[in-house]
Amino acid sequence: MFTMYLSSSFSLIVILFTSLIFISISSLETPKHYVVYMGSPIEADGHNSEAYYLQMLDTLLPREESERRKGVHHYKHAFRGFSAMLTEEEAAALSGHDEVVSVFEDPMLQLHTTRSWDFLDSLSGVSSSFPIYNSFHGSSDIIIGVVDTGIWPESPSFSDKGFGEIPAKWKGICMEGPGFNKTNCNRKLIGARYYKSTGATSARDSNGHGTHTASTAAGSHVVGASDRGLARGTAKGGQPGCRIAAYKTCTADGCAGSAMLKAMDDAVHDGVDIISISIGSSAAITSDYLSDPIAIGAFHAQLKGIMVIASAGNDGPNASTVTNVAPWLFTVAASNIDRDFQSSVILGSGKVIQGAGIHFSNATRSKAYSLVYARNAAAASKPTEDARACLPGSLDPKKVSGKVIVCVMPRDAIVTKQIIKVVVEDAGARGLILVNQKEKIRASDFGHFPFSEVDMTDGYKILNYMLHTKSPTVRIVPTVEVKPTKPAPVVALFSSRGPASLTENILKPDVMAPGVLILAALPPPKTAKPSKPEFGLRSGTSMSCPHVSGAAAYVKAHRPSWTPSMIKSALMTTAITYDNMRRPVTNTSGLISTPHETGAGEINPHRAINPGLVFETTTQDYLQFLCYYGYSQKTIRKTLTKATKFSCPKKTSKDIISNINYPSISIGNLRRGQRKMIERSVTNVGPERNVTYVAHIEAPEGLVVKVAPKRLVFGEKVDKVSFKVWFYGEKSASKRYHHGSLEWSDGYHSVRSVFSVNVN
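This one's a predicted model, so the numbers in the text were calculated from it and none came from an experiment. (Residues numbered from 1 in each chain as written. Predicted model: local features only at pLDDT ≥ 70, side-chain atom pairs only at ≥ 80, totals over all residues. Heavy atoms only, no water.)

Student: Describe the pattern of salt bridges, listing the residues and the values that go with them.
Tutor: Applying the stated criterion to the full structure yields 23 salt bridges. In this structure, the salt-bridge partner of Asp-458 is Lys-461, at a minimum N-O distance of 3.5 Å. Pair noted here: Asp-458 and Lys-461 are both in helix α11 (residues 456-467), with a separation of three residues, about one helical turn. You can call Lys-461 partly exposed: its relative accessible area is 36%. (Salt bridge = Lys/Arg side-chain N within 4 Å of Asp/Glu carboxyl O. Helix = DSSP H or I, 4+ residues; strand = E, 2+ residues; numbered from the N terminus. Buried < 20%, exposed > 50% of the residue type's maximum accessible area, 1.4 Å probe, protein only.)

As structure tokens, this is what we get:
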């Protein structure tokens, strides 16, 4: 104990001495918001206190800067540290402190933005007349913490009708603020927090993102919900019996990483069981694991037995865009469901063309408008090909105003549909027909602007009509719902793909879930008087993430003693890899999807409560992962409590990461002619203790895969068995990723592990 205090005092002296050297220089700099991460709480309470953090700042910062010396956030429950306004030199000085793991500039993260649950039931063969998610079976004690833009407490999705007393384990609060009182919380919405550093004044959600994600995960049943008449039905979350705690960390400017850390620290203290985070960095910004707020918070949450589920990102379809890739995170990709929205086009000739799209305008229903091809409406000195694609600044408003315009989205387009909408609206168009030659058409929400998206075949028909008609006209019919559509699920175009850029030896994303045009609760429009219950259709991995949060709560309700990694394994190894046509899941290009797009597949919560076997990924696995990744033993030990004994293996390499006991397998580098062995262990959680599982391998051409033993035998005293898998890249194999699966079956359960191997 004396040695620890002596070391800390010496570090403070070093900081003081260093600060005197550059104080005159740093005083000229504009301070920025930094996070100082100090690992797990330690036994010496004084080192976890706000006073200790203030002492560190006192030794470093000029006395006259009293506000900066107070810091911004203080972390003390799941992990230690603080955030403060610092200059670059001050941050560098703090990084040399013995107890500091990392110091990094506060990152600004971004949001990854009913029928879906019935669709998941249909895939698993469960009758939607008896939804598996409606029951309160053990779920009323489960608390989902939603870290997002806050919540709209008056939504009927957060009604506490039928709920009993709040679980005794709950230690959280209902923070008051303008327009948000303690009475806004109830036995369903049991807690709400906001963070003043973000500029928020209450936990109330004005954005809608947090309300939507919370109701998707655990919203109560609401009969007759719809988005302005579309997608009408009963809205419900994945586990309606769960409690919800809202943590508002995001505003219109984004989501501050320092506030995200504080929210996760609070959530662990408050007593949540699951943390749902539909937030992350963009694919262009990559932070290592000990400088990533979500990865840090999730690491310490899982040490406390709390599962953290996060969205994969919306930067698809490009490869290596997946975010939230730490192995202790459950990373979720997005798919569509068996529902689409049709917006038909009626040409002046009377021909009807069925397109996709959502719009709520009657402007073009009764009146026919002149039709103009965007290529013929180019602004002066602008390339006609730019105008054809309706790129910004390419159109002449005089040629477009008052007409419906036909734009063609090129295959290599870098603009989005929403950008094209803004371009044609600004030019004065009365409607848009978008010919999509890049992907399979999918409905997009264009609000009150008439819109229809068609494929190249129908686009050619429209252009041919215009070519042979002196004064072509068109009407765009209001949107109608179409269900069931096939195929579904299909990987969403926007869903971020693997392999993970930080390490290709962990397969990410982990699973896929519905994330396209999902109906869930929203705040009422500001113009609504009086306010009425509001629901809306939204797309993004932000929407798929809470589906998995609800599914994880469902599994936990049935298996309350299971750890986060057991729940994760169960949802991965029972995932579905076929669509509602009983064919392999495809992407929007019509190609068979790979694990870099779907992870293990589409979640199947009904199967996951009885998976047969699970892969238990332990804290030891995660610590060894950090060793293999390249962190020093000294740094890793700082992340742990003093009571935790840990040493890195003598041999460390990123190649060995493939060997941590993960439910899927990824090998980022296998040379042709090389043989690599991977080891795994599984635990029997099925009803039968004496049972044998037999292996079945699906390997692609060019990759030889063998497993030993081929049979796993469990008994009364044997509930955990290890096996080895050998991968051999044939010399004739093509240089690329090869995907397949290893499945263990006892005749009833099927335990499927997907693998991705990069042969080069």
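Student: Give me the lowdown on the UniProt feature "domain: Subtilisin-like protease fibronectin type-III" (unreviewed entry) in the protein, citing residues and values where you can.
Tutor: This chain's UniProt record puts "domain: Subtilisin-like protease fibronectin type-III" (unreviewed entry) on residues 659-757. Helix makes up 0% of residues 659-757 and strand 63%, and the two end C-alpha atoms of the span are 13 Å apart. (UniProt positions renumbered as here; feature names shortened; annotations may be inferred.)

Student: An account of the nonpolar core is requested, with residue identities and associated values reported.
Tutor: By size, the foremost hydrophobic cluster in this structure holds 111 residues, and its most contacted members are Tyr-247, Val-272, Ile-275, Ile-277, Tyr-289, Ile-309 and Trp-328. Ranked by the residues each element gives to this core, the list is headed by helix α12 (residues 541-558), at eight residues. The residues contacting Tyr-289, other than those within four sequence positions of it, are Ala-295, Ile-296, Val-325, Ala-326, Trp-328, Leu-502, Thr-503, Phe-625, Tyr-629 and Tyr-631. Membership of the second largest hydrophobic core comes to 25 residues, among which are Leu-613, Val-705, Val-707 and Val-757. (Core = buried A, V, L, I, M, F, W, Y, C linked by side-chain atoms within 4.5 Å. Contact = heavy atoms within 4.5 Å.)

Student: Explain the state of the cysteines to me, and be specific about the residues and the numbers.
Tutor: In a disulfide, the sulfur atoms of two cysteines are covalently bonded to one another. Taken as a whole, this structure holds four disulfides when the rule is applied. Paired through a disulfide, Cys-174 and Cys-185 show a sulfur-sulfur distance of 2.0 Å. Here the disulfide of Cys-174 and Cys-185 is right-handed, its torsion about the S-S bond being about 85 degrees. Linking Cys-174 in the loop between β6 (143-148) and β7 (189-194) with Cys-185 in the loop between β6 and β7, this pair joins segments that are 11 residues apart in sequence. Of the two residues, Cys-174 and Cys-185, both sit in the buried class. Covalent S-S linkage joins Cys-390 and Cys-407, the inter-sulfur distance amounting to 1.9 Å. Disulfide Cys-390-Cys-407: torsion about the S-S bond near -70 degrees, hence left-handed. Of the two residues, Cys-390 is situated in the loop between α8 (384-388) and α9 (397-400) and Cys-407 in strand β20 (residues 404-409); the sequence distance between them amounts to 17 residues. Across the pair, Cys-407 and Cys-390 agree in class, each one buried. (Disulfide = S-S within 2.5 Å.)

Student: I'd like a rundown of helix α13 (residues 564-573), residues and numbers included.
Tutor: Taken across its 10 residues, α13 has 10 buried, putting it largely inside the fold. Of the positions making up α13, those classed as buried are Pro-564, Ser-565, Met-566, Ile-567, Lys-568, Ser-569, Ala-570, Leu-571, Met-572 and Thr-573.

Student: Break down the sheet that holds strand β2 (residues 73-75) for me, with residues and values.
Tutor: Hydrogen bonds along the backbone pair up the strands of a sheet, which may run parallel or antiparallel. Taken in spatial order, the four strands of this open sheet run β2-β3-β1-β4, and their pairing is antiparallel. In this open sheet, the two edge strands, each paired with only one partner strand, are β2 and β4 (102-105). Across the sheet, the mean angle separating the axes of adjacent strands is 25 degrees when strand polarity is ignored. Helix α3 (residues 88-95) contacts β1 (32-37), β3 (81-86) and β4 of the sheet and is inclined by roughly 155 degrees relative to β3. Docked against the sheet, helix α6 (residues 257-270) engages β1, β2, β3 and β4, running at close to 40 degrees with respect to β2. (Pairing = 2+ DSSP bridges. Axes fitted to C-alpha atoms, helices over the stretch in contact; angles between N-to-C directions.)

Student: Run through the environment of Asn-318, naming residues and quoting values.
Tutor: Topologically, Asn-318 is positioned in the loop between β15 (307-311) and β16 (330-335). For Asn-318, a relative accessible area of 51% gives the class exposed.

Student: Lay out the packing of aromatic side chains in plain terms, naming residues and giving numbers.
Tutor: Scanning the entire structure with this criterion turns up 15 aromatic pairs. When the centroid spacing of 5.6 Å and the interplanar angle of 35 degrees are considered together, the rings of Tyr-629 and Tyr-631 count as tilted. Given a relative accessible area of 14%, Tyr-631 falls into the buried group. Feature note: the residues Tyr-289, Phe-299, Trp-328, Tyr-622, Phe-625, Tyr-629 and Tyr-631 constitute an aromatic cluster, connected by ring pairs. The lysine or arginine in question, Arg-204, covers the ring of Trp-152, its NZ or CZ lying 4.4 Å from the ring centre. The aromatic ring of Tyr-629 is capped on one face by Lys-654, whose charged end is 4.4 Å from the ring centroid. (Phe/Tyr/Trp six-rings, centres within 6.5 Å; stacked < 30°, edge-to-face > 60°. Lys NZ or Arg CZ within 6 Å of the ring centre and 35° of its normal.)

Student: For α3, give the residues involved together with the corresponding values.
Tutor: If you check which residues of α3 are buried, you get Glu-90, Ala-91, Ala-93 and Leu-94. Relative to the axis of α3, the buried residues are bounded by an arc of 160 degrees and lie together on one face. (Arc of directions from axis to C-beta.)

Student: Before we move on, can you summarise the confidence of the model for the protein with the specific residues and values?
Tutor: Overall, the prediction assigns the protein a mean pLDDT of 90, with 90% of residues at 70 or greater. Counting contacts from residues 1-26, a segment whose pLDDT is below 50, to residues more than four positions away or on other chains yields 34 contacts. (pLDDT = per-residue confidence, 0-100.)

Student: Quick rundown of the pairing of strand β21 (residues 431-436)? Include the residues and the values.
Tutor: A large share of β21 lies buried, amounting to six of its six residues. The alternating pattern of β21 places Gly-431, Ile-433 and Val-435 on one face and Leu-432, Leu-434 and Asn-436 on the opposite face, and all of these are buried. Inspection of the sheet shows β20 paired to β21 by six bridges, in the parallel sense. Within the sheet, the bridge partner assigned to Met-409 lies in β21 and is Asn-436. Looking at chain direction, β21 and strand β22 (residues 451-455) are connected through five bridges and run parallel. For Leu-434, the partnering residue across the bridge sits in β22 and is Glu-453.

Student: Requested: an account of the sheet that holds strand β12 (residues 254-256), with residues and values cited.
Tutor: An order of β11-β12-β5-β14 is seen for the four strands of this open sheet, with the pairing classed as antiparallel. Looking along the sheet, the strands with just one partner apiece sit at the ends: β11 (250-251) and β14 (279-280). Bridge count between β11 and β12: two bridges; the pairing is antiparallel. When the bridges of β12 are listed, Thr-251 appears paired with Gly-254. Running over the sheet, α6 touches β5 (108-111), β12 and β14 and is turned about 65 degrees from β12.

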